[in-house]
Structures are given as structure tokens and as C-alpha cells.
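Coordinate analysis (summary)
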Amino acid sequence: MDRLELLQKRKKQLVSAGENVRGDISKLIDKDSFVELSAFSFHENEFYGDKPEGEGVVTGFATVEGYPYYIVAQNFDASFGGVTKDGCAKISKTLELSAKNCTPVIYLLSSHGVEVGEGVNVLEGIASLFSMASVLKGKVRQYAVVNGELYGQISLLCAIADFTFFLDKKSYLAFTSPAVISAEIGANVDKGKVASAAALADAQIVSFLEDDLSGVKDKIVKISSLTSVRVKETEEGLLNTPTKGLNKKPCAENILKIMDAGSVIEVGSSYCGDVRCLLGRTGGIAVAAVLFDDEKGVKINHRKIRKVREFCALSASLSLPLVMFVNTLGIEESAEENSSSVYLEAAELVSALKNMPSGKISVIYGKAVGLGYTLFSAKSMGYDIVLAFAGAKVALFDDVQGAEIEFKDYETDREVLAKRYADENSDPINAAKGGYIDNIIEPAFARQYLVATLQMLEASRDI
């Protein structure tokens, strides 16, 4: 057999061994755009005596709707996606190219953990891989797709990635396999109760839950469009059109109409649902926005602060201006919350807000009360512009009970004081008098004020 025939035979074997994962790659990328890297990479497993095709991982580069990406895809059909030291080295090599060429990475992840028999060698390989992925964090976008069951240390890539996708009724993620947990406790554990998107709500790791890989592709393309084309032309006359419904009802549903139609992507909708983290456009300008969605005002806890903090970091890494649509109260009153990580999370959020390189805008459309004002609307927190709707409430306390507590040691008419505190001191005009609010606006024209501010911030970037 001559060398050309041998090459063709080897390629056929390679493709056959990775037929399923290559099929999944093809669902994400432009047709015939995939160029494979390190295809003929093999090692011999001393424990099993086999040679996993391509180290059980397919790597290369391709385009997705014309945008370039590096691809890393674990082949579950090769030793159940077993992680090896050489496999980690193969992935790390791809990430080095990603860093060098400033090109984002898409991970297709499916594995039952490390291959037995490699011992500490594979742990060093995993550590090297994590180290390289962390170098990319905040510099080059990383998209992780949990493409089946993903167990073991390699699952940490989902936390390092900027966006993590779950596929409905297919994706499961855990540091420890549910089978191992079952053996440990002596009872069968349903993987859905341990490793599904719903089970991981407190972990705050699932950015998007999609039906299939085509949904993943659509989201990736949308995000790439936002970050690659920061400003798009908008429909003529749109900027001068009032936002319908906002004057009558300044609620989250109508606030969303300030954003350009069809542009909004919600990140992390499966957890802390009343804190909505959005990527999209308004007036054609790409923005990151946090929308507090509760008519009575959102009470803050450590989980919600963490969600905002991590989204602020994402906004900064994408170089997008941040808009806070504020309707927030103080800290949730409970002994559990008092003993939680809320203090640390709040402190970390303050640091994140103060050190954001991109612009920050606060729009108080409902309430900004207590810590809800301090974190999300206070001028001293570094917001470039703070706007408030005419009917907004800015106060130390949310109700007259707070006023009564404040004035309890004074010999005066508490009923009068409480009424005055509730009706007058919560009027945003009082904060505006102190220079803390830049303008009190008619809700229907919030888009115009917001776009004018964003245009100023965008122009300042080019100076």
C-alpha cells in the first residue's frame, strides 16, 4: 500500500471513529468550513491498551455565519470522552492559537471523566488546560456547550467560559457522576435532580437552555454580531417615536420596548428570574442591560447580587456600556440571608462597578430604595448618568414603617412625619436637588435620553 492510500485509509478510520461528534460540529458551523488540527494524535492507554482516535477530542477552526472560531469537541464515542494528558495538551494547543489570533472558542463537551491509568499525569494536563483557558477569560470569548453528560473536573470549563449552553433533556453537568453519588449514599440518584439545568440553578452556570444545536448557533451568531458591529443604522424616525405604554405603565414589559425589536438576548434566565440580564441594542447601539423585574420592587440577596456582578464582568469583557433599569429595594430580611455571602458579594459588586472600563447608566423606572439605590443608582458608584421616571421612588425606606422607626425617638407627630417622609422625601426631585439624579424624565421618551447618552459614550471611545 502506497503512502497516499495509507493516508486515505487512516483518514477514513479517523472520520468513522468520530462520526457523531463531527456531525454535531457540522450543525454549528458553515458548510465545509472546518479545518482540523492535530488530527493524527494518539497515545496508548496503559490501563486499557487502546489508542483513542485523535485523543478522543476533535479540534480545528471554522466559520459560523462568516465569523471565525476555534472548535474543541470531545468525542464521547472514544472511551466515553475520557480525558487524557495528551488530550488536554491538544486542547491547550488550540487555546494558544485562539489567544494568539484573538479568535473565540466553542467547546462541545461530553465526558464521563478522566481515563483510568494516567494517574497524576492527567491531573497535570487538566491543570495546564484550565490555566490556558483562564488566560483567555475576559480577552477572547469562550462558549461551552454541554453536549450530553459531562462529569468530572473537565466540567470546570463551563464555569470559565463566558457563555454556557445546555441542551434541553440532553445536558447534565456534575463534578461527581450521579452513579458515584449513588454508590456513596447507597441509593439511586436521579441525574436530573443533581446535574440538570434546573438542579444547577444556585450554581448560576447555565447561560442559555436551548432545544438543539441550531439554537446554540443562533445565539452565538447574535452575540458575535453585537460585539463585532457595535453600532447599526436604525429605522428612520424610530428614535423620535415615543415608547408606547411607558407613561401609562412603567413596567418591565414596557421597558423592554426601549430595546430594538428582535435584538434582545437574555443571559441566565433559568435562575434569579426577577433580575434579567440582557444583551441587545437600543437605537442601534449594542448594550448590556440589567432589568429588575418585579412590580413591587426586587429585594436583594446574595444570589441576585452575584448574578449582577458576573454580568458586569461580562459587560466589561465585551466592552459594552451597561444600563441598569432599576426597581430595587434593600436586602432581603432573613436570618439565612444575614449569614450568607451577601456581604462579600456586595463588596465584590462595588469593586466591579467602580472598575468598569465601559460606561454605566442608571434609569430608575420604579423604586431605588436603600441598598437598591446605593448599588444600582448612586452617582458615587460611578454611573455616568442617572435618570429617573417622574413617578419613581427614591428613598431610604420603602414604606411609612421605615419612617416611623427612624423618627421613633423624636417627640413629634409621627403620623405627619411618616406621611411627609413617604410622599415627599421619596420624590426623585429631592435626589435631583442634591445633584444625584441628572434628569427626571417622561417615561415615553426614555429611549431618546438613553440613546443620546449612549451616543456620547460611544463617541468618547473614539477620541
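See the structure printed just above.
A few points on the structure. Keep in mind that what you see is a predicted model, and the values were worked out from it rather than measured.

**A closer look at the overall build of the protein chain**
- Per the secondary structure count, the protein chain includes 17 helices and 17 strands.
- A total of 463 residues make up the protein chain; the buried ones form 51% of that total.
- Restricting the contact set of the protein chain to residue pairs at least 6 apart, pairs at least 24 apart contribute 72%.
- Carbon together with sulfur atoms contributes 52% to the accessible area of the protein chain, which is approximately 21900 Å² in total.

**Overview of the environment of alanine 444**
- Of note, alanine 444 is situated in the loop between β17 (439–441) and α17 (446–461).
- Taking the C-alpha atoms as reference points, alanine 444 and asparagine 254, separated by 190 residues in sequence, lie 9.6 Å from one another.

**Some points on helix α12 (residues 342–354)**
- Between the first and last C-alpha of α12 there are 18 Å, a value that for 13 residues agrees with the 18 Å anticipated at 1.5 Å per step.
- Residues of α12 that are buried make contact with α10 (302–317), β13 (322–331), α11 (335–338), β14 (360–369) and α13 (371–376).

**Focus on the pattern of salt bridges**
- For the structure on display, the rule yields 16 salt bridges.
- One salt bridge in this structure joins aspartate 293 and arginine 276, with 3.3 Å as the shortest N-O distance. Of this pair, aspartate 293 sits in the loop between β11 (285–292) and β12 (298–300) while arginine 276 sits in strand β10 (residues 275–282), placing them 17 residues apart in sequence.
- Taken together, the salt bridges that share partners define one network made up of Glu266, Arg276 and Asp293.

**Points about the nonpolar core**
- Judged by nonpolar contacts, the single largest core of 64 residues is most densely connected at Phe163, Leu279, Met324 and Phe376.
- Top contributing element to this core by residue count: helix α8 (residues 213–228), with 6 residues.
- The contacts of phenylalanine 376, once residues within four sequence positions are left out, are Phe292, Ile300, Val308, Met324, Val326, Thr328, Leu349, Ser362 and Tyr383.
- Core analysis: the second largest hydrophobic core is formed by 32 residues, Tyr107, Ile154, Ile160 and Ala197 among them.

**Looking at the packing of aromatic side chains**
- Under the defined criterion, the tally for this structure stands at 8 aromatic pairs.
- Centre to centre, the rings of phenylalanine 76 and phenylalanine 80 are 5.7 Å apart; their planes meet at 75°, and the pair counts as edge-to-face.
- Judged by its relative accessible area of 54%, phenylalanine 80 is exposed.
- Geometrically, the ring pair formed by phenylalanine 292 and phenylalanine 376 is tilted, given 4.7 Å between the ring centres and 50° between the ring planes.

**Considering a negative patch on the surface**
- Judged by side-chain charge, Asp168, Asp211, Asp212 and Asp218 come together as a negatively charged surface patch.
- By the element assignment, aspartate 211 lies in the loop between β8 (208–210) and α8.
- A relative accessible area of 65% places aspartate 211 in the exposed class.

Calculation notes
Residues numbered from 1 in each chain as written. Predicted model: local features only at pLDDT ≥ 70, side-chain atom pairs only at ≥ 80, totals over all residues. Heavy atoms only, no water. Helix = DSSP H or I, 4+ residues; strand = E, 2+ residues; numbered from the N terminus. Buried < 20%, exposed > 50% of the residue type's maximum accessible area, 1.4 Å probe, protein only. Contact = heavy atoms within 4.5 Å. Areas by Shrake-Rupley, 256 points an atom, 1.4 Å probe, with all protein chains shown as cover. Expected span 1.5 Å × (residues − 1). Salt bridge = Lys/Arg side-chain N within 4 Å of Asp/Glu carboxyl O. Core = buried A, V, L, I, M, F, W, Y, C linked by side-chain atoms within 4.5 Å. Phe/Tyr/Trp six-rings, centres within 6.5 Å; stacked < 30°, edge-to-face > 60°. Patch = residues over 30% accessible without salt bridge, like charges linked within 9 Å, V, L, I, M, F, W, Y side chains within 5 Å. Lys, Arg positive; Asp, Glu negative; His and termini not counted. Charge placed at Lys NZ, Arg CZ, Asp CG, Glu CD.

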